[in-house]
Every structure is written in C-alpha cells, then in structure tokens.
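Report on the structure
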Amino acid sequence: MKIRISLLSALALALASSHLNAAVSAEEAAQLGSSLTPVGAERAGNADGSIPEWTGGLPANAGSVDAAGRPSNPFAQEQPLFVITAANMDQYQELLTDGHKAMLRRYADTFRLPVYPSHRSAALPQSVYDTIARNAVETTLVDSGAGLQNFSIATPFPIPKEAKEVVWNHIGRYRGGSARRQLIQSAPMPNGTYVPVLMQQQFSYRDQLKDFDPANPDNVLYYFMQEIKAPARLSGSIVLVHETLDQVKEPRRAWLYNAGQRRVRRAPQVSYDGPTPATDGQRVADNLDMFNGAMDKYTWELKGKREVLVPYNNFQIDSPELSYDDLIQPGHLNPDALRYERHRVWVVEANVKPDERHIYAKRVFYIDEDTWQISLAEQYDARGQLWRVSEGFMIPLYDRKIPWLAAESITDLLNGRYSVFGLRNEIDTPIEFGFTASSSEYSPTALRNSGVR
C-alpha cells in the first residue's frame, strides 16, 4: 500500500522515535488555529483542490432540523463526480483502501462507491477548541500509552507524534459530552433477511456528571449503558461500562443484566474480542465505535497521512425518507444511500503482540484529520487474510457542532454477512445531547433497578 506522507505527518514520524510522552511545546501548539485547524488538521487544501481548505466547517444554520433532531442535507442537490465499481476500480487505485478494493471484488455486481465533492464540514464549539489548545501543551501519555494525564473533554493530542496519540484522539474525540438515543442494530443474513434490534443507549463523559470532582477524578473516562428494547426474546438485557482512563492499570469495569435470570454480574468479556450481544458473532467488543478500549494487545505504528475516499457527510443514510428495508441489502448497505468524499486521514497499523491473543492479528485504521473519527478499518485474521472491513458513516450535526457517526458497519468478507449499528431512519425520538447525570445512575445497583422484563 503506497502512502503519501504530507509535510506535517513527515514531521510527526521524524519526531516519534524521540517522543518521551511529553506534551508539545507552546511554539508547536501555536500552529493550532493558524496553519493547523483548532483540532490539528492541515488547514490548507490539497494541491489539486479536490480537498478544499478548512474554513470553519458548516455553520449552525446550514439547514433545518426535523422533530427527531435530524439535520437536513445542505448538499442534497449535488450529483456524484464519478462512481467506482469493480469494473473501473483500477483507475482509482491511489484513492482506494485495501478494504474497499476487497469489497469491490467480493461484491462486484452490487457494491460501488459514489464519489461526491469534498466538504470539510466538521466544526466544534469554541469552548472545545480552547480546551484542545490546552490539552496540546498539558496532556501526556502514561504507562507506555495505556492512559492519559491532564486530559480534559476532547482531543488530547491535536499535534500527534506517535500512533497511540492518534488512536487516543479517536477515543477522546468530542461527541457532545453526553448523549442519550435510540437506535437500530442488525446483522443481516447473506440473502439480506434481517431482524432489527432496537436499543436505548446513553453515555456521559466524566466531566458531565453532577458529582464530578476535578480534584478527585477517578480513573474513568466515560460511562456507558445500553439496553435492548426489542425484539421480545432479547428485551431487557443491559450492559453497563465504566471506561477507565488507564485500562492496563485498571481494566474496564463492565456489568451485564440478564433479563431472564434477573441478575447483574461482572462482565470481563465486554472488552477486546469478547462477543457483542445481538450480532451473531459478526462484531466483537472493541469493534464498537470502530475501535474502543485498551491498546495493550497490539504494537502500534503510525504510517503517515494519505488521501483516500471515506464515508463523509452521510445525511442520506439518516434520512426518514428511507426505511431500513431500503438501506439493508445482501452483503452491504445500499450504495445509493451512501456518500464518499476525498479526505486526508492518518493511517495507523496495529499488530498483535507475540505473547497476546486477539481474533484480529492485524488492524489498519484510517482516521479523519478533521474529526479524529476512525472512518475506515481493516481487520485481518491469523493467516494474514483480510477478514472484516469497517466503515463509519460520518454526519456533521451542524446545529450542535458535533461530528457524529450516523451508522457504522462491519462487513465479513468470508461469510457474506455484515453488522450495522446506529440506524435511526424510523425512530422519531431525537438524540438528547448534554444531559446531566450522576455517577449513581451508572452503578450496578441502578442497573439492577432498571432491569425489568
């Protein structure tokens, strides 16, 4: 795989070997808001203009928002510049990741990439930009990259110098502080038949809690709870997670409420390659959100930056005009509802350590420079064969200034199935951002009290 390394990423690679877990200097941080955007992306466009300059992202009034909180598509009148298929993919080798090439070959008759003009639509609140600037000079890695010190709110390393810092930027990116939503998850069969699983999900970063004490922050990054609402045979099952800031020092705290047994139990399997509920084994715990959790099972390498086609500005996939039947097709989501654009991404490769085990022996992540979201990921098996391809369908919630994943999918190239998570097309309840909870609401006791079948 040929990777074009930009000037900025070349500097990052050159400094990586001497990086001693120190924050960047004030001189380096001064690039934020000038040659770099406030989150650390290159402000300038690329040489041929196919990636534009970042000029602040979409304004809050870029369009209307419906009663379910879905923003209208400000690019609805645009048509694809071109469409990549298995027949013409050789013309676009430089823009395609190995995962997309594999999907085009695997589903030659049905999968395609409609490519639209690129828009750097991501924007965050000014208060978050201010915090990111402080993180740049204060946040450091601890325990060989297993945790963070002096981190607040979002994007600990806007000017990253090694692979783990880039991945931490994804894990710690801005997602509105707290959110509560309903969503659909499904794992279609190869012929396209599927069962929609309705879930209620909420999370709160620690600083969003009523009882958060900055002087005694505990080793928790955020709190997460997810309950299955339908179908009836799965209804009532709940998972609770306290995502620790240093997962080597203290592993993720997780509990499961089993509705059939009416009991709460610790769930160490809700990590790494433990199975994810209601996915028929098509996804493991650290596939959620493209990647989450501890990094200690892998060695990590920063490969540089590259211009590739990624899912971006996917307003259509969130449209109430489409049903789940419209979106969910055999093998993959309906390409007519998807949008791909040319963007710069950081490329990070992870290889499982010789003394560790994970069902994915190798992983490659493509992290969008403007949002720090993992846009694409490739997962390889122990034989070195590309096994699963993940896509994160980014949508800018411009009214809230929150880059978001409208959905994420993981496609199994071997068995012809995939899992999709996050669909809301037929859901009328808006996502509730910025709600304030207390730590007691994320306790095992609260889990037991809420578990009613």
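These remarks concern the structure in this document. Because the structure is predicted, anything quoted here is derived from the model rather than measured.

This paragraph deals with the overall build of the protein chain. Each helix and strand in the protein chain was counted, giving 7 helices and 18 strands. Taking 22 Å as the expected radius of gyration for a compact globule of 453 residues, we find that the protein chain reaches 21 Å, a close match to that expectation. Taken along its principal axes, the extent of the C-alpha atoms in the protein chain is 60 × 55 × 50 Å. Every one of the 453 residues in the protein chain was classed for burial, and the buried ones make up 59%. A separation of at least 24 residues holds for 66% of the contacts in the protein chain among residues at least 6 apart in sequence. When the accessible surface of the protein chain is summed, it comes to about 17,500 Å², and 50% of that surface belongs to carbon and sulfur atoms. Across the protein chain, the 47 positively charged side chains and the 53 negatively charged ones have centroids separated by 5 Å.

In this fold, Ala-230 is placed in strand S7 (residues 220-230). By relative accessible area, Ala-230 is classed as partly exposed at 26%. The residues contacting Ala-230, other than those within four sequence positions of it, are Pro-196, Val-197 and Leu-198.

Counting buried positions along strand S8 (residues 238-244) gives 7 out of 7 residues, so the element sits mostly inside the fold. Strand direction decides the pairing type here: S7 and S8, joined by 7 bridges, are antiparallel. By the bridge assignment, Gln-226 is partnered in S8 with Val-239.

Now for the environment of Pro-214. Note that Pro-214 resides in the loop between strand S6 (197-205) and S7. Along the primary structure Pro-214 and Ser-152 are separated by 62 residues, whereas in three dimensions their C-alpha atoms are 9.9 Å apart.

To continue, consider the pattern of salt bridges. Within this structure, the stated rule accounts for 27 salt bridges. Between Glu-42 and Arg-344 there is a salt bridge, with its nearest N and O atoms 3.9 Å apart. Taken together, the positions of Glu-42 in the loop between helix H2 (26-29) and strand S1 (82-84) and Arg-344 in strand S12 (residues 340-352) put the pair 302 residues apart, joining distant regions of the chain. Judged by relative accessible area, Glu-42 falls into the buried class, the value being 17%. By relative accessible area, Arg-344 is classed as buried at 7%. A salt bridge links Arg-253 to Asp-218; the shortest N-O distance between them is 3.4 Å. Linking Arg-253 in strand S9 (residues 253-258) with Asp-218 in the loop between S6 and S7, this pair joins segments that are 35 residues apart in sequence. Taking the relative accessible area as the measure of exposure, Asp-218 reaches 43% and is therefore partly exposed. Three or more residues joined by partner-sharing salt bridges are found here, namely Glu-42, Arg-120, Lys-305, Arg-344, Glu-369 and Asp-370.

What follows covers helix H4 (residues 126-138). In an α-helix, one turn spans 3.6 residues; hence positions three or four apart end up facing the same way. Its 13 residues give H4 an end-to-end C-alpha distance of 19 Å, which sits within 8% of 18 Å, the value for a rise of 1.5 Å per residue. The set of residues buried in H4 consists of Val-128, Tyr-129, Thr-131, Ile-132, Asn-135 and Ala-136. Down the axis of H4, the smallest arc covering the buried residues is 160°, so these residues share one side. Opposite the packed face of H4, turned more than 90 degrees from it, sit the exposed residues Gln-126 and Ser-127. In the core, the buried residues of H4 are packed alongside H2.

Time to look at the nonpolar core. Counting residues in each nonpolar core, the largest one holds 110 residues, and the members touching the most others are Ile-84, Trp-300, Ile-317, Trp-404 and Leu-423. It is strand S15 (residues 386-397) that contributes the most residues to this core, 7 residues altogether. Residue contacts for Trp-404: discarding those within four places in its chain leaves Arg-175, Ala-179, Arg-181, Phe-203, Gln-373, Phe-393, Met-394, Ile-395, Leu-397, Ile-431 and Phe-433.

As a further point, take the pairing of strand S17 (residues 418-423). The buried count for S17 comes to 6 of 6 residues, which makes it a mostly enclosed element. As paired elements, strand S5 (residues 178-186) and S17 share 3 bridges and run antiparallel to each other. Within the sheet, the bridge partner assigned to Ile-184 lies in S17 and is Leu-423. Relative to S17, strand S16 (residues 402-412) runs antiparallel, the two sharing 4 bridges. Paired with Glu-408 across the two strands is Phe-421, which belongs to S17.

Before going further, it helps to spend a moment on the packing of aromatic side chains. Going through the model one piece at a time under the given rule, you end up with 13 aromatic pairs. Aromatic side chains Tyr-205 and Tyr-222 sit 5.2 Å apart centroid to centroid with 50° between the ring planes, which places their arrangement in the tilted category. Taken together, the positions of Tyr-205 in strand S6 and Tyr-222 in strand S7 put the pair 17 residues apart, joining distant regions of the chain. Note on Tyr-222: relative accessible area 10%, which makes it buried. Arranged with centres 6.2 Å apart and planes meeting at 20°, the rings of Trp-346 and Trp-372 form a pair that is stacked.

Of the consecutive residues Ala-230 and Pro-231, the connecting peptide bond is found in the cis state with omega at 10°. Mapped onto the fold, Pro-231 is located in the loop between S7 and S8. Phi is positive for Met-290, close to 70°, though the residue is something other than glycine. Its location among the elements puts Met-290 in the loop between strand S10 (263-266) and strand S11 (298-311). With phi around 55°, Lys-401 is a residue other than glycine that occupies positive phi space.

Time to look at the side chain of Asn-88. Mapping Asn-88 onto the fold places it in the loop between S1 and helix H3 (98-106). Only 3.0 Å separates the side chain of Asn-88 from the backbone oxygen of Val-83, close enough to count as a polar contact. A polar atom in the side chain of Asn-88 sits 2.7 Å from the backbone nitrogen of Thr-85.

About the cut-offs
Residues numbered from 1 in each chain as written. Predicted model: local features only at pLDDT ≥ 70, side-chain atom pairs only at ≥ 80, totals over all residues. Heavy atoms only, no water. Helix = DSSP H or I, 4+ residues; strand = E, 2+ residues; numbered from the N terminus. Rg over C-alpha atoms; globule rule 2.2 N^0.38 Å. Buried < 20%, exposed > 50% of the residue type's maximum accessible area, 1.4 Å probe, protein only. Contact = heavy atoms within 4.5 Å. Areas by Shrake-Rupley, 256 points an atom, 1.4 Å probe, with all protein chains shown as cover. Lys, Arg positive; Asp, Glu negative; His and termini not counted. Charge placed at Lys NZ, Arg CZ, Asp CG, Glu CD. Pairing = 2+ DSSP bridges. Salt bridge = Lys/Arg side-chain N within 4 Å of Asp/Glu carboxyl O. Expected span 1.5 Å × (residues − 1). Arc of directions from axis to C-beta. Core = buried A, V, L, I, M, F, W, Y, C linked by side-chain atoms within 4.5 Å. Phe/Tyr/Trp six-rings, centres within 6.5 Å; stacked < 30°, edge-to-face > 60°. Polar contact = N/O pair within 3.5 Å; in protein donor to acceptor, adjacent residues only side chain to side chain.

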